[in-house]
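Listed below, chain by chain, are the residues.
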Amino acid sequence: MSSQNRTGSRRKKITTITGLAFAGALALTGCSPEVEKGWLPTERGTTSNTDLIMDLWVNSWIAALVVGTITWGLMIWCIVAYRRRKGTVGFPRQSSFNLPLEVFYLTIPLFMVLVFFYFTDRDQQSIDNRSQPADVVVDVRGKQWAWDFNYKQGSVVNADVHEEGVQAHLTGKEVDKDKLPTLYLPVNKSVDLELNSRDVIHSFWVPAFLQKRDMIPGKTNYIRLTPTREGTYDGKCAELCGEYHSEMLFRVKVVSETEFQAHMNQLRQNGNTGLLGEEYDRLPATTENK
C-alpha cells in the first residue's frame, strides 16, 4: 500500500511540474513580439485595417488553443481514469445515451461557431465598408506579367494619370526592385483599390497590409484601406497565372501627400495622362489585345 502511495504521489508531482513548465513556456513565449502579432508579416499601425485583422487572427488562435487544451486534457483524463486495470474482468457498465451530455456536446460547439462567425463578420464588414467616398481611387490592372496603375481624378488627384508596367521575363538575374511597377499612396488618406484583370485570374497581395483579393476578368473587386505608416512594401501576384507568375512583382510606396503630388506631376510631365482602361484588356479566348 505504501509503495502505491509513493507511486501515486510521484506521478502527481510529475504531472504538476509538467503542467507548470508548460504554462510557463506559454507565458514566456507570449511575451515575444512575434507571438503578439501571430507571426504575421507586418507591424501594428501599417494601415487602418492591420490592427483589426491582427487582433482577430491572434484571438482566434488563443481561443483555439484554449479549446484544444481542454479537449486534449479531458481525453487524456478519460484514458487514464477509465483505463482497464490489472485483474479487471468483463465489461464496464454500458450506457445507451446520456441526454445532458449530448445536449452539452451540441450547444457548446454551436455557440463557439456562432461567436467566431459574429466577430469575423463584424470585422469583415468594417474592413470592406465603402459607404463614404475615398480620398484616392486607383484602378489596378493585373496583366501577364505586370501591373498598370490608373490614378483617377478626385479630391487628392487633380487629373487622371497612369503608370504602366512592362511584362516580366525570366532572365536568371536577381530582380532589381527599383525597376518594379510601383504604386504610390499618400499616408493617412483613404484609398479605394479597384482590382481588375486584363487577361486571366490574378491576385493582388501586399503581405504587410494583410489583405489579398482576386482579380477576375470582367469583374471589379475592391480593397478599401488607409495607409498610416510611410514606407516601401513588397507586393506580388498570389494566383498562379502563367509562365512568369513568379516574376509578377510590384512595390507600394506610402509617402507624404507632398511627395505623392510630386509623383503625380512627374507622371503628367512624362506624358502619362489619362487612364489605361479596359480597352487594353485581352479577351480570354484571343491572343491579342482589342
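Keep in mind the model is a prediction, meaning the values are calculated, not measured.

Asks: I'd like a rundown of the pattern of salt bridges, residues and numbers included.
Replies: Side-chain pairs of opposite charge can arise where the charged atoms are in close proximity. Across all of its chains, the model carries 16 salt bridges by this definition. Asp123 is the partner of Arg122 in a salt bridge, and the nearest nitrogen-oxygen pair spans 3.1 Å. Using a relative accessible area of 40% as the deciding quantity, one classes Arg122 as partly exposed. Note that Glu194 and Lys152 form a salt bridge whose closest N and O atoms lie 2.8 Å from each other. Here Glu194, found in strand 5 (residues 191-197), pairs with Lys152, found in strand 2 (residues 146-152); they are 42 residues apart in sequence, far enough to count as distant. Salt bridges here are not isolated pairs; linked through shared partners, they connect Asp139, Arg141, Lys143, Asp148, Arg198 and Asp281.

Asks: Would you mind going over the sheet that holds strand 6 (residues 202-206) in detail, with residue names and values included?
Replies: If you trace the five strands from one edge of the open sheet to the other, you get 4-10-9-6-7, paired in mixed fashion. The sheet terminates laterally at strand 4 (182-186) and strand 7 (211-215), the two strands that pair on one side only. Averaged over neighbouring strand pairs, the angle between their axes works out to 20° when direction is ignored. Sheet topology note: the strand 6/strand 7 ladder contains five bridges and is antiparallel. Across the sheet, the residue bridging to Val206 is Gln211, located in strand 7.

Asks: So what about the packing of aromatic side chains? Which residues, and what values?
Replies: Each aromatic ring pair is described using two quantities: the centre-to-centre distance and the angle formed by the ring planes. Using the criterion set out here, one finds eleven aromatic pairs in the structure. Plain terms: the ring middles of Trp57 and Trp61 are 5.9 Å apart, the flat faces sit at 70° to each other, and that makes the pair edge-to-face. Residue Trp57 and its partner Trp61 are located together in helix 3 (residues 50-81), separated by four residues, close to a single helical turn. An angle of 70° between the planes, with centres 6.1 Å apart, marks the rings of Tyr151 and Phe260 as edge-to-face. Of the two residues, Tyr151 is situated in strand 2 and Phe260 in helix 5 (residues 257-269); the sequence distance between them amounts to 109 residues. Residues Tyr151 and Phe260 agree in their burial class; the two are buried. Ring pairing ties together the aromatic residues Trp147, Phe149, Phe204 and Phe250, which thus form one cluster.

Asks: So what's going on with the sheet that holds strand 5? Residues and values would help.
Replies: The mixed open sheet is built from five strands, whose spatial order is 3-2-1-5-8. Sheet topology places strand 3 (161-164) and strand 8 (221-225) at the edges, where each strand pairs with a single neighbour. The sheet shows a mean angle of 20° between the axes of neighbouring strands, taken without regard to direction. In this structure, strand 1 (residues 136-143) lies alongside strand 2, joined through seven bridges in antiparallel fashion. The residue bridging Arg141 from the neighbouring strand is Asp148, located in strand 2. Against the sheet, helix 5 contacts strand 1, strand 2 and strand 3, and its axis sits at roughly 80° relative to strand 3.

Asks: Could you give an account of the pairing of strand 5, with specific residues and numbers?
Replies: Judged by how many residues are buried, strand 5 sits mostly within the fold: seven of seven residues are covered. With five bridges connecting them, strand 5 and strand 8 associate as antiparallel partners. Bridging across to strand 8, Leu193 finds its partner in Ile223.

Parameters and conventions
Residues numbered from 1 in each chain as written. Predicted model: local features only at pLDDT ≥ 70, side-chain atom pairs only at ≥ 80, totals over all residues. Heavy atoms only, no water. Salt bridge = Lys/Arg side-chain N within 4 Å of Asp/Glu carboxyl O. Buried < 20%, exposed > 50% of the residue type's maximum accessible area, 1.4 Å probe, protein only. Helix = DSSP H or I, 4+ residues; strand = E, 2+ residues; numbered from the N terminus. Pairing = 2+ DSSP bridges. Axes fitted to C-alpha atoms, helices over the stretch in contact; angles between N-to-C directions. Phe/Tyr/Trp six-rings, centres within 6.5 Å; stacked < 30°, edge-to-face > 60°. Contact = heavy atoms within 4.5 Å.

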